[in-house]
Amino acid sequence: MVKKLKFIFIFLIISGVITLSMVIMANHRLSNSQAELINMRSKADTSMLSKTEQSQKIAKEISGLSHERVKKDRDIAKKFFERYLTWDSWKSYETNRQEMLKDRRVDKTFIDVVAPEVKSVVKDGKDFNDIDNQGLNMGFTGIKVSVTGIRGTTYSYLSEVSVHSKSRTGRKATGKIVSTYEVNGSGEISKVKAFTVAE
């Protein structure tokens, strides 16, 4: 009986050691598999990034297109449009319009579309016009750009400029201005045209 109990006890200990050993080996294999999986994911991410960079490099070599340049030019255009498409009274609208008329970078089509003449009548020392009467204003919302051509260091663009407006009565409106322009290698914007305003 004592021998039988010793045998069972030794069997249980050996079984426990074997089971523990198997668990440790399984955990070790699992850790290795996880490490391999992380390594494979890292290589895949690096490979994807490398392929994207290679694609951009090839595109730049073939067409001259630089994504960094497009981003810089977009910021230049954003400042330009934000400057001229932001006003909150007839006076600020007219100030912008007069500056546009003197600005050699701006084509007449741009002024006709975004800043047509709004006449103001002075009566009893006060200005009366549609902008102030209705409490109108305009603000720049955003811009989407597409490259349409590259000539040397000059990039040509087609852009969709989003604007918003609100009246004194609380009526709100949004619009999109389609515009074309060029930016040279020195970061100077020119030939700014506008073709339509759409809601």
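Residues numbered from 1 in each chain as written. Predicted model: local features only at pLDDT ≥ 70, side-chain atom pairs only at ≥ 80, totals over all residues. Heavy atoms only, no water.

Trainee: Help me out: how do you make sense of the overall build of the chain in this one?
Mentor: The number of helices and strands found in the chain is five helices and six strands. Scanning the chain from its N terminus toward the C terminus, one meets helices and strands in the order α-α-α-α-β-β-α-β-β-β-β. Each of the 199 residues in the chain was classed as buried or not, and the buried ones make up 25%. For the chain, restricting intrachain contacts to residue pairs at least 6 apart in sequence, the fraction spanning at least 24 positions comes to 51%. Only carbon and sulfur atoms are counted for the fraction: they give 58% of the accessible area of the chain, which is about 14300 Å². (Helix = DSSP H or I, 4+ residues; strand = E, 2+ residues; numbered from the N terminus. Buried < 20%, exposed > 50% of the residue type's maximum accessible area, 1.4 Å probe, protein only. Contact = heavy atoms within 4.5 Å. Areas by Shrake-Rupley, 256 points an atom, 1.4 Å probe, with all protein chains shown as cover.)

Trainee: What am I meant to see in the pattern of salt bridges here?
Mentor: Close approach of charged atoms allows side chains with opposite charge to pair. For the structure shown, the criterion picks out eight salt bridges. Each of R151, E182 and K191 takes part in salt bridges that share partners, so that together they form one network. (Salt bridge = Lys/Arg side-chain N within 4 Å of Asp/Glu carboxyl O.)

Trainee: Would you mind showing me how to read the nonpolar core here?
Mentor: Counting residues in each nonpolar core, the largest one holds 31 residues, and the members touching the most others are F80, F81, L85, F110 and Y181. Of all elements in the fold, only α2 (67-84), α3 (90-102), α4 (108-114), β3 (139-151), β4 (154-166), β5 (172-183) and β6 (189-198) reach the threshold of two or more residues within this core. When residues of this core are assigned to their parent elements, the largest contribution, five residues, is made by α2. Not counting chain neighbours up to four residues away, the residues in contact with L85 comprise F110, V114, M138, G139, F140, V161, V163 and I177. (Core = buried A, V, L, I, M, F, W, Y, C linked by side-chain atoms within 4.5 Å.)

Trainee: Looking at this structure, how should I read the pairing of β5?
Mentor: Side chains on a regular strand alternate between the two faces of the sheet. Where β4 meets β5, twelve bridges bridge the pair, whose relative direction is antiparallel. In the sheet register, K166 faces β5, and the bridge partner there is K172. (Pairing = 2+ DSSP bridges.)

Trainee: What exactly am I supposed to notice about the environment of R104 here?
Mentor: Mapped onto the elements, R104 comes out in the loop between α3 and α4. On the basis of relative accessibility, which here comes to 84%, the residue R104 falls in the exposed class. C-alpha separation for the pair R104 and V192, spaced 88 residues apart in sequence, amounts to 9.3 Å.

Trainee: Just checking my understanding: could you explain α3 for this structure?
Mentor: Think of an α-helix as turning once every 3.6 residues; residues three or four places apart then point the same way. Under the 1.5 Å per step criterion, the end-to-end length of α3 is 18 Å for 13 residues, consistent within 8% with the ideal 18 Å. For α3, the set of buried residues is W90, Y93, E94, N96, R97 and M100. Within α3, the buried residues cover an arc of 160 degrees as seen down the axis, which keeps them to one side. The outward face of α3, more than 90 degrees from its buried face, is lined by the exposed residues K91 and K102. (Expected span 1.5 Å × (residues − 1). Arc of directions from axis to C-beta.)

Trainee: Help me understand the pairing of β4 in this model?
Mentor: Pairing of β3 with β4, which is carried by eleven bridges, proceeds in the antiparallel orientation. Bridge pairing links I143 to V161 in β4. Hairpin connection between β3 and β4: a loop of two residues separates the two successive antiparallel strands, and G152 in this loop has a positive phi of roughly 65 degrees. The hairpin turn running from β4 into β5, its antiparallel successor, is five residues long, and G170 in that turn takes a positive phi close to 100 degrees.

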